[in-house]
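Chain and residue survey
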Amino acid sequence: MRRALHATLLAIASLTLVIPVAAQVTDEDEDEAGLEDEEGLEEEEEEEAEEEEEYEPVEDAEAGVGVPRTLCHGRRIRRVRVLGNRRVGDDDVLASVRSRAGNVCTDDRVADDARALWDLGFFDDIRVEAEPAEDRVDLIFRVRERPSISAVRYEGNSSVGNSDIDEVVELRSGSILSMQEVQRQLTRIRDLYAEKGYFLARIEPRLVRQPNNEVEVVFRIQEGAEVVVRRIRFVGNRHISGGDLRGIMQTGETGFFSFLTNNDNFQDERFDEDVTRLQAIYYDRGYLTMRVGTPRIELTPDRRFIDITIPLAEGPRFRIGRLRVVEQDDDGNEVEPLGGRRRVRELVAAEPGDWFSRTALGTSLLAVTRHYRDAGYAHVDVQPETDLDMDRNTVDLSIVVRRGPLTRIERINVRGNTKTRDSVIRREIRIAEGDLYSQTQLETSRAFIQALGYFERVELSESDGSAPDRIVVNVEVAERPTGTFNVGAGFSSIEAFIFTAQVQQQNLFGNGQSLNLQLQLSGLRQLVQIQFVEPYFFGTDWTFAIELFKTVRQFSSFTRDSTGGSLSFGHPIFDRRLSLFAQYRADYVQIGPRTGGFGAGQGLFQLNLLPIENNFRNGLQSSLRLTVTWDSRDNRIYPQNGLYASWSTEVADEVIGSATSWVRHRAFFRWYWELFSGVVLKMNTEWGLIASRQAPGPPVFERFYLGGIFNVRGFPLNSLGPRVGVPRTYAPPDGAIVPQFGEPVGGNMQLYYNLELEFPIIQQVGIRGVIFTDGGNAWNLDNYICQLPQPSEYVSSSDPCRVDLFDLRTSWGFGIRWISPLGPLRFEWGLPFMRIPGREQDIDFQFTIGNFF
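The structure presented is a predicted model; accordingly, all values stated were derived computationally and were not measured.

**As for the environment of Pro791**
Looking at the secondary structure, you find Pro791 in the loop between helix H15 (783–786) and strand S37 (809–820). A C-alpha to C-alpha distance of 4.0 Å links Pro791 and Gly725, two positions 66 residues apart in sequence. Not counting the four nearest positions on each side in its chain, Pro791 is found in contact with Arg723, Val724, Gly725, Gln740, Phe741 and Gly742.

As structure tokens, then:
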């Protein structure tokens, strides 16, 4: 290569000389090349000015032969020009070379200039030409630019999306093509596929020429079969079973539910954390000298699975010897702990002679720390000191406390809220500026702020105040959209045609108020509703809500048309999560035969149950309701953890102007638990009881109806509960058929449950899956209904004279949920257990709009 860099000037014409300096420079040449410093350059120029312009042979160290110098060597340069460049400017090129007008031209410097231009990475061919001009020369650098990248594409990828690959590929449109960089991206893409379990993926680059000296870089991908972990084995584990060890690892063996967790893919980072987890479980059980050897990872011969073997050296198991909890002052002297020695010692969940557990120790340290921080000692330092006795396999443990100064909150900063007013956030904070510091109060405050549902995240941090006994609390929030405007139309399997329009703002004008305007028309329900909620009425802890509505609801045998409103007040009791609400509700109810409503099909069976027609009474329904609620959900709009429970008693009576008299009790219990990222276990249990002091009992339209997508899935809508037959004297209309299983009349008492496992499918667009099991039934307690005719085909669970709380109709199923522009959509398939032939289907598909619970 050195011979090429010191090529001989060849005379092409009497006035033109060409120097083929460097057509291409290899990586090996780049390793050999080096630029001289400025002082060396000046000295060389002075020496070259004194050289004679004549031919002198140059010794080539590689070839071992003399190479003649070029005719340019020793002459002064009149001008330096650049030809062939289009994107790179002349000044940028000339700034990289050392040959200048007025300097003496030397072969070594020309070679260095060519190498410097090559190192820029902009050119794939460089030639140097010289034209004599009297006693000087014009030096010409003729370059050919490398193409630029017009676009980067991927072909053949299906399991890994383009966006995922874009995150690791650093090639960008408009950048200069470098094959070394392209090769580096191949490695990054292969690593990405390996992380996702595709160890057999093959990636090849292809360049597609485009106009204007551009290329399109295409990565052709053959993903191959996904390689998953088939087996994880442990060697040397005598005291902890392999099943227990595998249970704490993120990396798991492939199994039936692997498609949910995706934990059977081998990932280096995740596996490194698994090694730490293995150490932790041994430390938790007292094996303090345990070591994890180098794991062996093997690809099976069919290249479809990975087998992992992990060697373990357990070592001896240690018990706690001496255990002390002491507090020291700044001078290291022991002092009386906060609350006394016994109180602090009780916070430590360990005793001498117990097996050592790192988790138990960590829990105890946190408990002691919280004890001091809740009393205002924000800077308390709690450290464990251990001393191993290898002969007796014991560890002496001392927990040393240094409390620091008593600290008050100097300032609370609220940041990140652009819409929500500071006051809305601050009123959820359970501690004020000037108060003593309290860790529990701050954690509770964060939970209350997060539970508002207005923020994607809420973070608390602390910084030093103006003095050692002062601390600054920073509340950082990231707001989320709280308003929706939906207009849409569609079809539901149970409601026929649906039209919805909704304007909802959960954080009205940033004041924390809620306003909801809703219109819904369907085959079963027509609803017009406006609702306003003020959670802090006039700046107090009182909640105020007002609602106006017009509803039409279709039951199996009648239509309930209601117009009215409600007024509610609520206030916390002892704890912010426990509240008492009082509501007055008044609505004028009209009962008529079922018409099918807006959008329903033709031929609906219209039936008035003559034996109980006295319960179809029109008039004003006026009621008072008291409700006690407990709400510890982490988010009121999209809960993933927490509990929401309620008990209510509602009374309607002639004394307050109601046309009917009844008392209704309802209780429900809703529980949410996030098992791991995005996978949530949910449970809902509801119980209800309604009774009346009037002889006919409560109105049919106020009784409980179960079955369908709104409560017990897998069964037809409102099909569960007591049923009565049609009297033989009743003559149905032409074309109508008397149902052999009777007509549902609703129950005085209901009980049902829903248990769900909800998991993400396409998290980015709000599509989630659900697996569920439901169960429930309703029972009649009124004697006069028990005396009505029985259906022609008897079913014990629908017997109006039989009450058995264990006689629940159950089902299981699966579904898909989508937070769409129309609103939350539910598509669910329910499969009844022990279905009733002729009345219930093997699988019941239903879909509707709205959340479940």
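From this point on, the discussion continues.
**Describing the packing of aromatic side chains**
What the rule picks out here adds up to 16 aromatic pairs. Seen in terms of ring centroids, Phe537 and Phe538 are 4.4 Å apart; in terms of plane orientation they differ by 45 degrees. Their pairing is tilted. With a relative accessible area of 73%, Phe538 lands in the exposed category. A ring pair is formed by Trp812 and Phe814, whose centres lie 6.5 Å apart and whose planes are at 45 degrees; its orientation type is tilted. Among the residues examined, Trp812 registers a relative accessible area of 37% and is labelled partly exposed. Taken together, Phe537, Phe538, Phe544 and Phe569 form an aromatic cluster joined through their ring pairs. Positioned above the aromatic ring of Trp118, the side-chain terminus of Arg146 is 5.2 Å from the ring centre. Lying over the aromatic face of Phe772, Arg713 brings its terminal NZ or CZ to 3.8 Å of the ring centre.

**Digging into the confidence of the model for the protein**
Reading predicted coordinates in detail is not appropriate for stretches of low pLDDT. With 83% of its residues at a pLDDT of 70 or more, the protein shows a mean pLDDT of 81. For residues 597–610, every residue scores under 50 in pLDDT, and the model assigns this stretch 32 contacts once sequence neighbours within four places are set aside.

**Some details on the pattern of salt bridges**
All told, the structure shown has 55 salt bridges when counted by the stated rule. Among the ionic pairs, Glu155 bridges to Arg220, the shortest N-O distance being 3.8 Å. Placement of the pair is Glu155 in strand S8 (residues 148–155) and Arg220 in strand S10 (residues 214–222), with a sequence separation of 65 residues.

**Examining a negative patch on the surface**
Residues Asp191, Glu195, Asp268, Glu269 and Asp272 make up a contiguous surface patch of negative charge. The set of elements that each furnish at least two residues to the negative patch consists of helix H7 (179–195) and helix H10 (268–284). Counting residues per element, the negative patch draws most heavily on H10, which supplies three residues.

**Quick notes on the sheet that holds S10**
Whenever strands of a sheet pair, they do so through backbone hydrogen bonds, lying parallel or antiparallel. Taken in spatial order, the three strands line up as S8-S10-S9 in an open sheet, and their pairing is mixed. On the outer flanks of this sheet lie S8 and strand S9 (202–210), each paired with one strand and no other. Strand-to-strand, the axes of this sheet are offset by a mean angle of 20 degrees, without reference to chain direction. As defined by bridge partners, S9 adjoins S10 across nine bridges and the pair is classed as antiparallel. Residue Arg206 lies in a different strand from S10, and its bridge partner there is Val218.

Rules and cut-offs
Residues numbered from 1 in each chain as written. Predicted model: local features only at pLDDT ≥ 70, side-chain atom pairs only at ≥ 80, totals over all residues. Heavy atoms only, no water. Helix = DSSP H or I, 4+ residues; strand = E, 2+ residues; numbered from the N terminus. Contact = heavy atoms within 4.5 Å. Phe/Tyr/Trp six-rings, centres within 6.5 Å; stacked < 30°, edge-to-face > 60°. Buried < 20%, exposed > 50% of the residue type's maximum accessible area, 1.4 Å probe, protein only. Lys NZ or Arg CZ within 6 Å of the ring centre and 35° of its normal. pLDDT = per-residue confidence, 0-100. Salt bridge = Lys/Arg side-chain N within 4 Å of Asp/Glu carboxyl O. Patch = residues over 30% accessible without salt bridge, like charges linked within 9 Å, V, L, I, M, F, W, Y side chains within 5 Å. Areas by Shrake-Rupley, 256 points an atom, 1.4 Å probe, with all protein chains shown as cover. Lys, Arg positive; Asp, Glu negative; His and termini not counted. Charge placed at Lys NZ, Arg CZ, Asp CG, Glu CD. Pairing = 2+ DSSP bridges. Axes fitted to C-alpha atoms, helices over the stretch in contact; angles between N-to-C directions.

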